[in-house]
Structures are given as structure tokens and as C-alpha cells.
Amino acid sequence: MKKILIAEDSPAMRSLVISTIEVMDGYEIVEAANGFEALRLLPRENVDLVITDINMPDINGLELIRYIRNNENYGSIPLFIISTESSEKDLAKGLALGANEYLIKPFDPSQLQSLLKKYLG
Amino acid sequence: MSGAGDTIGKAVKDFLAEAEEIVDQLNNDLVNLGDCADTGDCNPDLLNSIFRGAHSLKGLAGIFGFGEIGELAHNMENLLDSLRLGKINLNPSIMNVLFDAMDLLGNLVRGAGDGHLDTSGIPAMVARINTCANTSRNNADDSPLASLGLSESVLNALTEYEEHRLIENVKKGKSIFSIIASFSLTTFDQELGDLTDVLKKEGEVISTLPSVGSGNSGGIDFEILFGSARSCDEIAAIIDRPGVTISQLGGASSVSMPVATAPVHFEEPQSEPVPVQQSAEAGMTAKSMSRMVRVDILKLDELMNIVGELVLSHSTINELVGKVRGSGYSTLAIELGKAAKGLQRKLNELQKGVMEIRMIPVGQLYEKMSRIVRKIAREQGKKIDLRLFGADTELDKLIIEDISDPMMHIIRNSIDHGIEPPTERVRLGKDEKGAIRLSSFQKGNHVVIEVEDDGRGIDIDRVKNKAIEKGLIQKGDILSEREALELIFLPGFSTSEKVTDVSGRGVGMDVVRNNIAAVSGMVDIETRPGLGSKVIITLPITLAIIKALIISVAGRTYAMPITSVLETILVESREILTVERREVIQLRDMTLPLVRLADIFELNDIAASPELFYVVVVGVAEKRLGIVVDDLIGQQDIVIKSIGETFKGFRGISGAADLGDQRTILVLDVGGIIAESTRGSI
């Protein structure tokens, strides 16, 4: 069972990502409603992949990515960004910080599914 | 309806629930933004939060196939983005566009919810938004960011917005500080929250960058970029926490250590072996967010219905206990009786539990109302001081929903007709600001909500003249003040000389009263000329399961909510007097008007006027009435069910209930009967 952490402050967007993943076998989901929760969950849950939004209150997605990439415990786990096309610059920064993939809202569920298969098998 | 698919799936419901929440929040924030737009000094967090709201809505709408809503939100988002990044400045005309766009957005979301999505207003609104976004564009700024000397690694993790906030702070002459603090992994959210709360009072927390703790125990460090007019030492004194490094970025950077001996990073002594209790407490704040569950009210209704049916099954079991006892199985009857008692206790708990889930604080209604007050006051050029009391009084969610519109109308009336324009108020020696007071409190099984203003009050003579003009009363009719005030609630009554945008929307106080009566509530008005009026709404706490008095009239059985029954008395027919063609009895020191249910429902009273009969004394708010019935059958818990649209207009009936023995009876709308009787139409 591979564990995926979803950091996204919009409950509906979160539930949409979850419903996209739920139909696939072999994935377990951990939800964080903001960057803080994600930071709390990371050391507790043995996470295999992180999907994060960029625009979140307090700790945003970029800050989360930077933290994960600089932490030897999770440094190399795959990181996906889900964001909107309007935050182009932020998206570029996220990729520069070490995010592996990005999806633009509204994203295509099958794209997320195939990316998950690619990174987690 | 656009793209919502054939069935409204769970996802769309989720969308609607969240979209409504976002729209509510946006409305609130916009009103606050409007307030500070006047002063020119806007809270950047507020603007950013509005931007984020529009942004989320756009994303949601796009995903759930409401492309047009997404389009509007997208254009709003662009405008808000330019505002928050300082590319354009906020001014009253932009504020108006934002308000209008928000109204449209709210209507669209509601439309999407009830399947009446009207997207025709979107193109014009988008054009307005874009005109705003394209004019008054500020010159691009030469970035003073470089002078701060931020490390590449930090710069790379800043969003465009955060960069903009740094620049804005520097432009305003604020200093930028880097505050680095170490925390244990178990308690960081609480402690960091405390730290930022303290900082926010002294300046702006621009960015919070987490990094791997440099201490031995694998903690977590945070670098906070903070803009403030204070000095390094002052901030150190305010933070007052060991192990924090503060440095001023750029220019004459002075670095100071809050703890004389502290190295750059300092593990707090207590942070390693964290007491279990403390960590649990610290975990509360972050956890509580995900502890809330959003539930469709229909599911709670279903649950309540099941509980209701269980209550009925329980009564059946109780009857069986009696039968078993009657058939001679006394030991068995005792055992069964005990089991039934136990069941009842648990049922009561269950009932109470489900009821509590449905309860929400009146404060949620207040929030909506305060937005409306500010909006109307703005439109009318009146100044209103809204005071809220008893926000934590709880009411059934459905009741709160159903009285939102009537409340809104009452408040519109208060501002429109009650509160005088500022100049007139000053001339009258009143405070320039009109006061509206919303207060809620529980009174027995009812919740009372009062809307009180200190305006001009209701002119009784004008009300009477209007009523004569409208043919509602005859010239020369003698009415008491109370009776005259009752005229306001008659259909088609409006004292406003000109139809205004605010009150003149074709909704009169009769509709307000009907809407409130639909949830078994009563509405009353008190007024003092020149001093103001008070509208008093009395509501039952919940509609779901109620104790009822079961009565019979002319061979038919009815239920009356026990909450409105004050007492029952046995009366002899010779005690009835006739005053002004109405039957009354003398009850202690008051004269109690009577109504006969048999007359209201036009039943053929077989046992016409028996010598002895019962009078059920009912009262809601300050009104009293005696209802004449043939017999009292007993008390029982009932679940009131709607009798459907067809019978909605029937006076005196609020619903139907199942008695548990396959019999369905009607439930009397006591509030309605009292109102009709006061009006003299019974």
C-alpha cells in the first residue's frame, strides 16, 4: 500500500483528488487541510508521494516543497503540484524547488492517475 | 443548466456547499475591505484572502462543469490579483464593481443549486471587471528586493505575492526582519501560532519558511520574514522567547540575540521529552480543522424521522406491556416493562443527540444580517451601529435558514423606515449613528429574537389612514394601538410613500409573518413614537419531535404542540359570556377570548354545546386564547410531517403526525390560530 499525502485547503478540491485516487488500487490517502497539517503529518506517516496546492494560508506549497526537498528523511519522494494557470511564476518556482510534476486545475483525472502509476507503480 | 450532468452527484453537492461557504466568506471580507478602502489603508491579508476565495471558486467551478461561474470568478481573480500585487490601487469604483460581481456570483451559485442558472449577466460583468483591471494601472516598480540580501534559497521559495508584500513593506519605510526559531516536531504548530499571533500585532508576517531543525532531536526550524516599524530590540522584547534569532535584512542590519548566551539555535529544555498531555493539547489546534464534518441536513432529517419512528415503536411496546400484564403474565410484564424503560432512556438520549447536531448558533444568522445592514446603510447613506447580543443561542438549522429572509426584511424595514437620515437625527438630538440591536435568548422551549431600532417609530395614525385608504378598515372604526399595529401584517399593506429600492420589493410584513408562522413562530411589534420600534420573533427551538397534547373535537382527533399550551380548564357552558359578539370567559383576573375548533374547521358538532367542556389555554409571546375542545386524550411525542404544498394554505394546520396505531392526525398551528383570532377573522 503506497501512501499519498494531499495538502490542499479547499475541501471540495481535496475530495476530488481523493475520489480520483480512490478508484485505483493500492493507494492510501492522508489529507492535510493546510501546510501546517502537512508538516505535522510528514514525520508521523510514512508518505510515499506528496500532492500539494501552492496557494494555502500560513505555510504555502512552495514552502512545503522547499522543506521536503531539504529534509533528508523525505528528500527524494515524488512531489506533484496542483495549481491554476494564473500562478505561472509560482509554478515555475515550485518546479525549480524540486517538484516532479504539475497539474493545472481543473485537472484531468486520468492524467493524475497515469502520473501516479508512473511514480509509484 | 450548464454541464451539471443528468444527476446532481455528490461531487456537485460538495461543490455547492463549499461554493456557498466561499461566497459567504467573500461577502464578509468584501464588506470589511469596503470599510478600509474608505480609509485607504487596507489590510493585505484581507485582500489576499479575497483573492484566494475567488481563486478557489474558479478552480472548483471549472472542475464541476460550471464554466460560466468559473469565467466570472476567473476575471474577478485577475482583478484581485492586480490589486493584491499592487499593480492597481483600490478605489470606490473598483469596490462597487467587486460588490456587484460578488452579488452576481452569489446568485449564480444559488442558481446552480436550485437548477435555475441564469448566466446572462456574466458577459457585461466581465467587461466591467476588465475595464477596471486595465485602467489605473500603476507603473511597474523597480524592485528593492535585491537590497534585502535574501539568500537564493529563500528567494526561490517566495510566491509572487510574498515578494510583492516584501517590496510594499520596504516602500512604506518598514524594516524587514528575519526571525528564526526552533521548535519540537510535536508542538511546533501551537508554539509557532503563538509566535505569529504576537508578531501580527506589531507588523506583517510575510512568509513562514520551514526548514529541517538544526538541533539534535530532529526538530523543525522556521524562518519568518516580518515587516515592521519596530526595531530589532523591540521585537526581541515582544517575542520574549529563548532560542530565537532576529536579524534585520538589508541596509544597516543590526543583529541581536534575545538570549545573551544563546547560540544561533537553541533547543528548549522541555522540548525533548514532551509530556503526553502537553503534546495532546498542542495538537488540538491543527486537528480541530479536520474534526468538523459537513452533513447534508436531509440526512439529519432522515435520522430524525427514524428516531421519531423508534419513539412510536416504543409506545407500541409499552402498550404490549400493558396487554401482557392484563393476560396474567405478570413476571414477564415486569421484565418487559424494565426493558422498555431502558429503551426509553436510550431513545431519549438518541433523540437529544440528533437534535443537538441540528442546532447551530444564531451567530451564523447575525453574520449574514450584519453584512446586509452594512450594505443597506451604504446604499441609503445612513450610519448604523449594529449591536449583537446572544450570538451563541442555539436554534435548529432549518429554522435559522427559514427565518433568514424574514429577518432580512425586518432589518431592511428598520433601516428604511425606522432609522432617520443622519442630519435629521442630529437635529432631533439623537446620535448621528442609528442603533440596531439584535438579541436572542432562550425562553423555555422557545428562542426569542428581537430586532430593535432607535429610529422614528411607527406612526399609528399614518398606519390607520393607510388602512382606510386601502379599504382594510372603515373610517370611524375604533382600534386600540395593538389592533392598529396588527394592520401592518395584513396582505398588501405598505406605508412607504414611495417605493424604495430597499423595502419596495413587493414583500410585506404579511409575508414575513407567514414565513415565520411556517416554522411555528410568532412575530410581534412594539413601537414608541420618536424612540424606535422592536420586532419580536418567538420561535420553537426545534421542529423535529415535539410533545403534543392530543385532543378531540366533534369526533376528530388533533394534536397541539405542548409548548404553546399554558393550561387546560374544565368549563361549564353557563360561564361563557359574550362581549362584542365574541365568546369569552373570565379566567382569574383576565378576560380570555374563546374560539371553537368546531367553528374554525366547520365541523358538524354532533353534541352541540355540551354542558361541560374543556378549554385549552394557549399562548405564544404575549397573546392568550382559549380553544374550546370536547375532550383531552393525553400527551404524546409526535413527529410533525409536512402535509405538502397543496394544503400549505390551510389556516390553523401546521402538519400531520402519526400516532403510532396506524392513525394519522392533523397538528394545529396554534400561532396561526391566535393570529387569525386577534385579527378577528375567526
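Quick note: structure is the one above.
Helices and strands together make up the secondary structure of chain B, namely 20 helices and 23 strands. For chain B, the proportion of its 682 residues judged to be buried stands at 48%. Partitioning the intrachain contacts of chain B with sequence separation of at least 6 by distance along the chain shows that 68% fall at a separation of at least 24. Surface accessibility of chain B: about 33,500 Å² in total, with carbon and sulfur atoms responsible for 51%.

Moving on: helix H2 (residues 44-63) of chain B. Residues that lie three or four places apart on an α-helix share one face, since the helix turns once every 3.6 residues. All names here are of chain B. If you check H2, its first and last C-alpha atoms are 29 Å apart, about what 20 residues at 1.5 Å a residue would give, namely 28 Å. With respect to burial, H2 is a largely interior element, 16 of its 20 residues being buried. Backbone geometry just downstream of H2 places glycine 65 in the positive-phi region, at approximately 85 degrees.

Another aspect to go through is the side chain of serine 552 of chain B. Residue and element names in this part refer to chain B. Inspection of the secondary structure assignment puts serine 552 in strand E13 (residues 545-553). Among the residues examined, serine 552 registers a relative accessible area of 14% and is labelled buried. Not counting the four nearest positions on each side in its chain, serine 552 is found in contact with Thr557, Val629, Asp630, Asp631 and Ile633.

Here the focus is the packing of helix H3 (residues 61-69) of chain A against helix H4 (residues 88-97) of chain A. Residues and elements named next belong to chain A. In the contact formed by H3 and H4, the axes pass within 9 Å of each other and the chain directions differ by 5 degrees. With respect to H4, the axis of H3 lies roughly parallel. Across the interface between the two elements, Leu62, Ile65, Arg66 and Arg69 from H3 touch Asp90, Lys93, Gly94 and Leu97 from H4. A class-by-class count of the residues in the contact of H3 with H4 yields 3 nonpolar, 1 polar and 4 charged.

All names here are of chain A. For the structure shown, the criterion picks out 32 salt bridges over all chains. Residues lysine 105 and aspartate 53 are paired through a salt bridge, measuring 3.4 Å at the closest nitrogen-oxygen approach. Placement of lysine 105 in the loop between strand E5 (101-104) and helix H5 (109-120) and of aspartate 53 in strand E3 (residues 49-53) is noted, with a sequence separation of 52 residues between them. For lysine 105, a relative accessible area of 7% translates into the label buried.

To continue, consider the sheet that holds strand E7 (residues 384-389) of chain B. Residues and elements named next belong to chain B. Judged by pairing direction, the sheet is mixed, and its 5 strands sit side by side in the order E7-E9-E10-E12-E11 without closing on themselves. Each edge of the open sheet carries a strand with a single partner, namely E7 and strand E11 (522-528). Between one strand axis and the next, the sheet turns by 15 degrees as a mean value, whatever way the strands run. Across 7 bridges, the pairing between E11 and strand E12 (residues 532-540) is antiparallel. The residue of E12 that forms the bridge with glutamate 526 is lysine 534.

One non-glycine residue, aspartate 58 of chain A, lies in the positive phi region at around 65 degrees. The residue aspartate 58 of chain A is located in the loop between E3 and H3 in this model. Non-glycine residue arginine 588 of chain B carries a positive phi angle of around 50 degrees. Among the structural elements, arginine 588 of chain B can be located in the loop between strand E17 (582-587) and strand E18 (590-596). Its relative accessible area of 62% is what places arginine 588 of chain B among the exposed residues.

Here the focus is the interface of chain A and chain B. On the side of chain B, 42 residues touch chain A, which itself brings 36 residues to the contact. Carbon and sulfur atoms supply 57% of the area that chain A and chain B bury against each other, a total of about 3,300 Å² over both sides. The largest contributions to the chain A side of the interface with chain B come from Arg40, Arg66 and Tyr67 of chain A, which together make up 19% of the buried area. There are 3 salt bridges connecting chain A and chain B. Its salt-bridge partner being lysine 89 of chain A, residue glutamate 160 of chain B comes within 3.5 Å of it at the nearest N-O pair.

This brings us to the packing of aromatic side chains. Under the counting rule described, the total for this entry stands at 5 aromatic pairs over all chains. Ring plane angle 70 degrees and centroid distance 5.3 Å describe the contact between phenylalanine 80 of chain A and tyrosine 119 of chain A, whose orientation is recorded as edge-to-face. You can see phenylalanine 80 of chain A sitting in strand E4 (residues 79-83) and its partner tyrosine 119 of chain A sitting in helix H5, a full 39 residues away along the chain. Judged by relative accessible area, which is 0%, phenylalanine 80 of chain A ranks as buried. Between the aromatic rings of tyrosine 558 of chain B and phenylalanine 601 of chain B, the centroid separation amounts to 5.3 Å while the plane-to-plane angle is 25 degrees, which identifies the pairing as stacked. Within this pair, whereas tyrosine 558 of chain B is found in strand E14 (residues 556-561), its partner phenylalanine 601 of chain B is found in the loop between helix H19 (597-600) and strand E19 (612-620), the two being separated by 43 residues in sequence.

Attention now goes to the pairing of strand E23 (residues 664-668) of chain B. All names here are of chain B. Sheet topology note: the E14/E23 ladder contains 2 bridges and is parallel. Among the inter-strand pairings, alanine 559 is bridged to a residue of E23, identified as valine 667. Bridging between strand E22 (residues 653-658) and E23 involves 5 bridges; their strand directions are antiparallel. Opposite alanine 656, over in E23, you have leucine 666 as the bridge partner.

To continue, consider the sheet that holds strand E2 (residues 27-32) of chain A. All names here are of chain A. Strand order in the open sheet formed by 5 strands is E2-E1-E3-E4-E5, with parallel pairing between adjacent strands. Two strands in the sheet have a free side with no partner beyond their single neighbour: E2 and E5. Neighbour to neighbour, the strand axes of the sheet diverge by 20 degrees on average, direction disregarded. Note that strand E1 (residues 2-7) and E3 share 4 bridges and pair parallel. Paired with leucine 5 across the two strands is valine 50, which belongs to E3. On top of the sheet, helix H2 (residues 35-44) reaches E1, E2 and E3; it is set at about 135 degrees to E2, its chief contact. Packed on one face of the sheet, H5 meets E1, E2, E3, E4 and E5 and runs near 170 degrees to E5.

Criteria and thresholds
- Residues numbered from 1 in each chain as written.
- Chains lettered and ligands numbered in written order.
- Predicted model: local features only at pLDDT ≥ 70, side-chain atom pairs only at ≥ 80, totals over all residues.
- Heavy atoms only, no water.
- Helix = DSSP H or I, 4+ residues; strand = E, 2+ residues; numbered from the N terminus.
- Buried < 20%, exposed > 50% of the residue type's maximum accessible area, 1.4 Å probe, protein only.
- Contact = heavy atoms within 4.5 Å.
- Areas by Shrake-Rupley, 256 points an atom, 1.4 Å probe, with all protein chains shown as cover.
- Expected span 1.5 Å × (residues − 1).
- Axes fitted to C-alpha atoms, helices over the stretch in contact; angles between N-to-C directions.
- Parallel < 35°, antiparallel > 145°, perpendicular 65-115°, else oblique.
- Nonpolar A, V, L, I, M, F, W, Y, C, P; charged D, E, K, R; others polar.
- Salt bridge = Lys/Arg side-chain N within 4 Å of Asp/Glu carboxyl O.
- Pairing = 2+ DSSP bridges.
- Buried area = accessible area lost by both parts, 1.4 Å probe.
- Phe/Tyr/Trp six-rings, centres within 6.5 Å; stacked < 30°, edge-to-face > 60°.

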